[in-house]
Amino acid sequence: MADQYAQTGEDSKSTELPAIRWEEPPEGPVLVLLDQTRLPAEEVELVCTDASALVEAIRSLAVRGAPLLGIAGAYGVALAAARGFDVDEAAAVLAGARPTAVNLAVGVRRAEAAYRAELAKSGDQELAAGAALAAARGLHREDAAASAAMAERGLALLDELLPGGQHRILTHCNTGSLVSGGEGTAFAVALAAHRAGRLRRLWVDETRPLLQGARLTAYEAARSGMAYTLLTDNAAGSLFAAGEVDAVLIGADRIAADGSVANKVGSYPLAVLARYHHVPFIVVAPVTTVDPDTPDGASIEVEQRPGHEVTEIAAPQVPVVGTEAGGGIPVAPLGTQAYNPAFDVTPPELVTAIVTEEGVVSPVTAEALAELCARSREVTIS
């Protein structure tokens, strides 16, 4: 079934638009997404009526960010169940929509397990669909709570490492409410510092090639009233050399068992710069991003994106003569090949600390991460 776009009203407040929500209009349940490919120029919502529409939204980055992908995956299973589609098939295509972000598969498995358990118990498809939806909503609430806990722990760590406040924080990609059921991961820590009067400056990497920093993090920082400055990715080195960075805060799409961190491409160079300049490099991510089944960084599958994302600048709101509708503005000769990994991997020895809702791991070791995950499982079971 085709997607439809619902333009938000002119009087809508940007701060009131959630990144994802479940709705049940008369014609049947839908999953409504804030289309992040249209930000910051337009706040447009994308309505998904089935799992295939959600998969396309995930692959196109209309919905993105590790924690939010987990929530979206769970809602996608619930959507398939509620509308009478094949749940196994929907779960399989959703879990494989983006290979690097482990939260997506975690969310899908959680909703699918709830669906299967209720179906085995009652044999009632409607009850099973309700169980999947309850699981998705539960994950959504838990992520919001995790976001608040990470913000608190992250700010405490910053104050410990950098006494006196007035932090100058460099961030990469987008890690705010657009990637979370709450206020985000790394961005939530910076936002907590801002609210406490201890943020002097948020340095925002533009994050080529899709400009998630420029389009999304700057958008969130502006509407939060934060002091922020945008920079090109290759200007970060000069910023470190000038002594203008007190800490680097990033999120993560997968953390291997040894503490290797896969995050938006460009994160690893920041870790190298931070180490050389003796600046803390801090990863903020929920425990669900830690993948005990991936032993090390070399075992992380890194998604390769289409080359046109590098050879063109996407500008869907700016019609350009000579380009196809919805196409980009060419910035390289026709036929140019492009290397476009979506992520890179930072080894644990370059990571100062990993901040989760369950605690802070520093130094980052396989043993410390395993202990954290075991503690998290005990809390969940109890």
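Cut-offs used in this document
- Residues numbered from 1 in each chain as written.
- Predicted model: local features only at pLDDT ≥ 70, side-chain atom pairs only at ≥ 80, totals over all residues.
- Heavy atoms only, no water.
- Axes fitted to C-alpha atoms, helices over the stretch in contact; angles between N-to-C directions.
- Helix = DSSP H or I, 4+ residues; strand = E, 2+ residues; numbered from the N terminus.
- Left-handed = near helix turned anticlockwise from the far one by under 90°.
- Contact = heavy atoms within 4.5 Å.
- Nonpolar A, V, L, I, M, F, W, Y, C, P; charged D, E, K, R; others polar.
- Buried < 20%, exposed > 50% of the residue type's maximum accessible area, 1.4 Å probe, protein only.
- Pairing = 2+ DSSP bridges.

A. Spatial organisation of the packing of helix α4 (residues 102-122) against helix α5 (residues 125-161). Here α4 crosses α5 at 150°, and the two axes come no closer than 8 Å. Here α4 and α5 pass one another in a crossing that is right-handed. Judged by residue contacts, Gly-107, Arg-110, Ala-111, Ala-114, Tyr-115, Glu-118, Leu-119 and Ser-122 of α4 engage Gln-125, Leu-127, Ala-128, Ala-129, Ala-131, Ala-132, Ala-135, Gly-138, Leu-139 and Glu-142 from α5. In terms of residue class, the contact of α4 with α5 is made up of eleven nonpolar, four polar and three charged.

B. Region of the structure containing the pairing of strand β8 (residues 247-250). What you see with β8 is no split at all: Ala-247 and Leu-249 on one side and Val-248 and Ile-250 on the other are buried throughout. Note that strand β5 (residues 167-171) and β8 share three bridges and pair parallel. Note on β8: the bridge partner recorded for Thr-171 is Leu-249. The sheet contact formed by β8 and strand β11 (residues 281-284) spans three bridges and is parallel. Following the sheet pairing, Leu-249 is matched in β11 by Ile-282.

C. Layout of the sheet that holds strand β7 (residues 228-231). Across the sheet, which stays open at both edges, the seven strands sit in the order β7-β6-β5-β8-β11-β16-β17 with mixed pairing between neighbours. Taken across any chain shown, the strands that pair with only one partner, and hence form the sheet edges, are β7 and β17 (359-361). The sheet shows a mean angle of 25° between the axes of neighbouring strands, direction not considered. Pairing between strand β6 (residues 199-205) and β7: four bridges, direction parallel. Bridging from a neighbouring strand, Trp-203 pairs with Thr-229 of β7. On top of the sheet, α5 reaches β5, β8, β11, β16 (353-356) and β17; it is set at about 150° to β16, its chief contact. Strands in contact with helix α9 (residues 267-276) are β5, β6, β8 and β11; relative to β11, the strand with the most contacts, it is inclined by about 140°.

D. The environment of Ala-144, seen in detail. Note on placement: Ala-144 falls in helix α5. By relative accessible area, which is 28% here, Ala-144 ends up partly exposed. The sequence separation of Ala-144 and Ser-177 amounts to 33 residues, and the corresponding C-alpha distance is 9.3 Å. Look past the residues within four positions of Ala-144 in its chain and what remains in contact with it is Gly-181 and Gly-182.

E. Focus on unusual backbone geometry. Each neighbour pair has its own omega, and for Leu-39 with Pro-40 the value is 5°, a cis peptide bond. Note on placement: Pro-40 falls in the loop between β3 (30-34) and β4 (44-48). The residue Gln-166 is not glycine, and still its phi comes out positive at about 55°. In this fold, Gln-166 is placed in the loop between α5 and β5. One non-glycine residue with positive phi stands out, namely Cys-173, at about 65°.

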